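Okay, here's what each chain looks like letter by letter:
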Amino acid sequence: MLKLYSKQIKTLTANSISEPLVVRLSSNHLLPIGLRRNDFFLITQSNIDKVPSGFKGYFIPEDLSLTLGEEFLADNVFTIPNDQEYLGDGDVIWFDPNSLNSRTIYRKNSKHNSLLVTERCNNYCLMCSQPPREINDSYIVEHILQAIPLMSHETNELGITGGEPTLLGEDLIKIIKASKIYLPETSLHMLSNGRNFADLEFAKKVASVAHPDFMIGIPLYSDINSIHDYVVQANGAFDETIRGILNLKSLNQLVELRVVIHKQTYARLPQLAEFITRNLLFIDHVALMGLEMTGFTRTNLDDLWIDPIEYQKELTEAVKIFARFKMNTLFIITNCV
Amino acid sequence: MTDYLIQVDVSLFDAEVVKQVLYKFADQASFNLKDNQGILDIEVIPKDPVVFDFNQLKSVILDEIIDQDLRKTISQETNDLRNLIIAKAFASADLQ
Amino acid sequence: MTSATKAKFKSLDAYKNAQGSFRFLPFKFIKLDNERYILTNIAGEFIVLDKFDFNKIRDRSLEMDSDLYHKLKSKHFIYDDSSTVAIDLLALKYRTKQSFLDGFTGLHMFVVTLRCDHSCPYCQVSRQNEDTEKFDMSEEDALKALLFTFKSPSPLIKIEFQGGESLLNFKLIQFIVLKAKEMNQSIGKQIQFVIATNLSPVNDEILDFCDEHEILISTSLDGPEFLHNKNRPKAGNDSYQRAIAGINFVKSKLGPDKVSALMTTSLESLKYPREIIDEYISQGFNAIFLRSLSPYGFAIKTKSFDMYNTDAWLDFYKTSLAYIIEINKNGYFFVEQYTALILQKMLTPFATGFVDLQSPSGIGISAIVFNYDGDVYASDESRMLAEMEDKSFRLGNLKENSYQEIITADILVDALQNTILEGVPMCSDCAFLPYCGSDPIYHAATQGDMIGHKAKSGFCKKNMGVFKHIIKLLEDDLEAREVMMRWIRV
């Protein structure tokens, strides 16, 4: 797994950057001069002999820095540790030249760029892969709004994730708008528990951005409210999530339903499929997912674990029901253990 | 007095409920109702005496009265909710 | 660390309904057989419970969070304080089921002539003298009917040409199609044309025109040759040969999907369920509509006759359906369309726009008929009834009455008001209400009033029988269920 942050960056030459910044990396030594002053140049094995001048700063892998000639005298050169060598042309990072910390926000060559917009959440799911933290992380939005204009137009898909993104309120709308304006060709996919869309006014605000290709993925774990509420550890979550979905669909917003299959949810999968096809047939996509062995799943393993082989019957029946109603269904098993 | 009599205790079952049930059997018999001090006397007059089976009809009618009574209870308990659902239905937008 | 984190999670019990009591959502029930009940909710979802489980509802001894409790909750028969979203979902589902009302008068039937070359006993309307043009619709009335048609708020207009034998007045069909297209240029509705014909007058010129204007053909096929010719007598006794030749001719010129066949069920037909189905399959059709015996034309005015024949029809239906399911099991996809319609009502959230099973009645809402003489009727059956000297469903005449006058004719308004099943005795607490309709013309024809006494109604008996039979198959016969599920159009 890639390490998406680093505290091991070191200054190599004089540092004239005083404030933390969101910056794009470039390894193209022929980049027009006019574009260089905002970007960092990424020195690699193949361009080390033609490092251009005029960039805001320079990154060089630690082991490569030993071979850097003495004649190279630019300011703002930093070494990055080996675990950050995956960084490449077009990537966008947040970097604090004072504390020498960095966080990777966007990788141009990745097909799965996801923006974690907050770590806060109003659910506390038994199998959460990204356990929420009750912290003030509102600075993240600022970084993301600066990063989006730096991302490549060719980005196929961009994810918004959390925590619960809708807790950002107006700031979330800013992020969706920025994606629409700066990345008009990019599909936007957001993971949300949908509860805040029970507020029709908020749902309207999101839908009225009218992003041309924006899907919201919302989890529904049971046709029975108490089971869903237990899985997400929040009373009343089922009702809010359903009302949220209804509001979004009344505004023609694309919605995907996401069902994670585990010990608490497998038994009623066919009933859930019937419930969805009868009540929520207007949903655009259904994703059935296996358990990921991360985060809280390990904590609650006894309550969650069931061998996928043991729920074949229920899964097959559910898939059959979705297929009968021509619902777009996908089964994703992530990491089998 | 007729050969065919069904008696219903109106302290247990509403006369209205009984009438609704009898209506459903109008193809098989006519019914003559008399109030007999808290007991409803139902005189049964078969439409076609040749194929008429009184005991069978009586048993079906008595079962049906119990069901019809439950229908009345459900209908009374859910009437407001029903109106609410229908009002909501026509106030809401179409989802597709 | 793990156990400390674990302590932050609450158990399933913490999320269950704390109050410990449930409430009913609106539902109706009826006995399926001696052991079981059918329950239907306001949106037409159903469940079947045995007496034992049903009595738990009756005496409210239902255990919280038992499987039965979850079943009733999930299908929206009960709710409790822990969740009220069922009400929002029911409202939405109810609305979807009622959405057939939105379209308003999609089907417009033009009786272009009463002349016919057949003399079918169940047809009350046709005239055998093929040369008497006084039974043809005039261009003037046709234009008025078109103006009327385009006033319908429905975005999809279906124009069906009827007879007599409609093709005996093909000139007027051409006139109407061309005029409709011309008028529609500025209106922009979607128009679909259908010619109902026995196919005996069909020729190249007619089919070229159909091809050019994407006109569909609907024809009659009552079964194998002996039955078809018996049902549909014609000089020369060649109705069957002409129908089959016509079907093949249309298929070769327009494509197999451009022709459909409709079967009229006579008393004679009831003896030959398998033969009729075999005939449909051998002509390459993938569907049949098992229609009920028509009370028009036959002397079915006495109710005992009606009820007796309903039993015979139900036997015919069950035998046919079993045979069709067997054929499907053996790998040939073949749909019984009446069953398919009802399955759609039972098992999907969608509305179905089938006139006979609508509440309020579909007459005038889903269909309207312009007769050859300019009279306007609420349905094809009301025109039949009129030919039996009962003109009560005549809404007016194109020459004399305006659109407003016709569409708000007293009889139509009465029919709409009186046929909302929620207000009809016996229907109002029938579990099949979400699936059923109220055929006011049938009841007028058989009992003399639009509503009728349902205990004496062949319509009620027939549909009760069909609903129960379908639900039993769904519940008791897994293979039949699999077959029938494939018939649902999504």
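Residues numbered from 1 in each chain as written. Chains lettered and ligands numbered in written order. Predicted model: local features only at pLDDT ≥ 70, side-chain atom pairs only at ≥ 80, totals over all residues. Heavy atoms only, no water.

Trainee: Break down the overall build of chain A for me, citing the residues and quoting the values.
Mentor: Summing up its helical and strand segments, chain A has eleven helices and 15 strands in all. The C-alpha extent of chain A, read off along each of the three principal axes, is 70 × 40 × 35 Å. With 337 residues in all, chain A has 56% of them scored as buried. Here the analysis covers contacts within chain A between residues at least 6 apart in sequence; of these, 70% occur between residues at least 24 apart. (Helix = DSSP H or I, 4+ residues; strand = E, 2+ residues; numbered from the N terminus. Buried < 20%, exposed > 50% of the residue type's maximum accessible area, 1.4 Å probe, protein only. Contact = heavy atoms within 4.5 Å.)

Trainee: Mind laying out the interface of chain C and chain B, listing which residues take part and the relevant values?
Mentor: At the interface, 30 residues of chain C touch 28 residues of chain B. At the boundary of chain C with chain B, total buried surface from both sides reaches about 2800 Å², with 65% on carbon and sulfur atoms. For the pair chain C and chain B, the number of links is five salt bridges. The salt bridge partner of Asp67(B) is Arg58(C), with a shortest N-O separation of 2.8 Å. Summed over the shared surface of chain C and chain B, the number is seven residue pairs in polar contact (both at pLDDT 80 or more). If you tally residues by element for the side of chain C that touches chain B, the top one is helix H4 (residues 85-97) of chain C, at seven residues. When grouped by side-chain class, the residues that make up the side of chain C that touches chain B number 18 nonpolar, three polar and nine charged. (Buried area = accessible area lost by both parts, 1.4 Å probe. Salt bridge = Lys/Arg side-chain N within 4 Å of Asp/Glu carboxyl O. Polar contact = N/O pair within 3.5 Å; in protein donor to acceptor, adjacent residues only side chain to side chain. Nonpolar A, V, L, I, M, F, W, Y, C, P; charged D, E, K, R; others polar.)

Trainee: Outline the sheet that holds strand S6 (residues 107-111) of chain C, supporting the account with residue identities and numerical values.
Mentor: Residues and elements named next belong to chain C. Here eight strands make up an open sheet; going across it, the order is S10-S9-S8-S7-S6-S13-S14-S15 and the pairing mixed. Each end of this open sheet is capped by a strand with a single partner; those strands are strand S10 (259-262) and strand S15 (394-397). Taken pair by pair, the neighbouring strands of this sheet meet at an average axis angle of 25°, ignoring direction. Bridge count between S6 and strand S13 (residues 367-370): four bridges; the pairing is parallel. Across the sheet, His108 pairs through a bridge with Ile368, a residue of S13. Packing of helix H10 (residues 239-254) onto the sheet brings it into contact with strand S9 (216-220) and S10, and relative to S9 it is tilted by some 165°. Contacts from helix H14 (residues 380-387) reach S6, strand S7 (156-162), S13 and strand S14 (375-377), with the element oriented near 120° to S14. (Pairing = 2+ DSSP bridges. Axes fitted to C-alpha atoms, helices over the stretch in contact; angles between N-to-C directions.)

Trainee: I'd like a rundown of the domain arrangement of chain A, residues and numbers included.
Mentor: By a widespread convention, an interface's size corresponds to the accessible area lost as its parts come together. Residue and element names in this part refer to chain A. When cut into domains, chain A gives domain 1 (5-106) and domain 2 (113-332). Relative placement of domain 1 and domain 2: their C-alpha centres are 36 Å apart. Taken together, the eight residues of domain 1 in the interface contact eleven residues of domain 2. For domain 1, the biggest contributors to the area lost against domain 2 are Val22, Ile105 and Tyr106; these three give 64% of the whole. At the junction of domain 1 with domain 2, the criterion picks out zero salt bridges. Linking domain 1 to domain 2 there are five residue pairs in polar contact (both at pLDDT 80 or more). (Domains from an automatic or database assignment.)

Trainee: Any chance you could break down the packing of aromatic side chains for me, citing the residues and the numbers?
Mentor: All names here are of chain C. All told, the structure shown has 41 aromatic pairs over all chains when counted by the stated rule. When the centroid spacing of 6.2 Å and the interplanar angle of 80° are considered together, the rings of Phe22 and Tyr69 count as edge-to-face. Of this pair, Phe22 sits in strand S1 (residues 22-24) while Tyr69 sits in helix H3 (residues 67-74), and the two are 47 residues apart along the sequence. Of the two residues, Phe22 and Tyr69, both sit in the buried class. Members of the aromatic cluster, joined through ring pairs, are Phe110, Phe148, Phe161, Phe193, Phe370 and Tyr403. Between the NZ or CZ atom of Lys251 and the centre of the ring of Phe285, over which it lies, the distance is 5.1 Å. Sitting above the plane of the Tyr338 ring, Lys462 keeps its charged end 4.4 Å from the centroid. (Phe/Tyr/Trp six-rings, centres within 6.5 Å; stacked < 30°, edge-to-face > 60°. Lys NZ or Arg CZ within 6 Å of the ring centre and 35° of its normal.)

Trainee: Talk me through the sheet that holds strand S1 (residues 5-9) of chain B; I want residue IDs and the actual numbers.
Mentor: Residue and element names in this part refer to chain B. In spatial order, the strands read S1-S3-S2; together these three strands make up an open sheet with antiparallel pairing. Only two strands of the sheet have a single neighbouring strand rather than two, namely S1 and strand S2 (29-36). Across the sheet, the mean angle from the axis of one strand to that of its neighbour is 25°, orientation sign disregarded. Taken together, the eight bridges between S2 and strand S3 (residues 39-46) define a ladder with antiparallel strand orientation. Considered in S3, the bridge of Asn36 is made with Ile39. With respect to the sheet, helix H2 (residues 54-91) is in contact with S1, S2 and S3, its orientation differing from that of S1 by roughly 20°.

Trainee: Residues and numbers for the interface of chain C and chain A, please.
Mentor: Chain C puts 39 residues into the contact, and the matching count from chain A is 35 residues. Here chain C and chain A share an interface that buries about 3200 Å² over both sides, 55% of which is from carbon and sulfur atoms. When the area that chain C buries against chain A is broken down by residue, the three leading residues are Phe9(C), Tyr15(C) and Val490(C), summing to 23%. Residues Glu482(C) and Lys320(A) are paired through a salt bridge, measuring 3.4 Å at the closest nitrogen-oxygen approach. At the junction of chain C with chain A, the criterion picks out 17 residue pairs in polar contact (both at pLDDT 80 or more). Within the residue set of the side of chain C that touches chain A, elements represented by two or more residues are helix H1 (2-6), H3, H4, helix H13 (337-347) and helix H19 (478-485) of chain C. The element that contributes the greatest number of residues to the side of chain C that touches chain A is H4(C), accounting for six residues. Residue composition of the side of chain C that touches chain A, grouped by class: 14 nonpolar, eleven polar and 14 charged.

Trainee: Can you lay out the nonpolar core for me, pointing to particular residues and giving the numbers?
Mentor: Ranked by internal contacts, the top residues of the largest apolar core, which has 130 residues, are Phe110(C), Phe161(C) and Trp487(C). By residue number, the principal contributor to this core is helix H12 (residues 303-329) of chain C, which donates nine residues. Of the domains in this structure, domain 1 (23-97) and domain 2 (104-412) of chain C are the two that each give at least three residues to this core. With near-sequence residues (within four places) excluded, Phe161(C) lies in contact with Phe110(C), Val112(C), Ser166(C), Ile173(C), Ile176(C), Val177(C), Phe193(C), Val194(C), Ile195(C) and Ala196(C). One finds Ile148(A), Met190(A), Val209(A) and Leu92(C) within the second-largest nonpolar core, a separate group that totals 65 residues. (Core = buried A, V, L, I, M, F, W, Y, C linked by side-chain atoms within 4.5 Å.)

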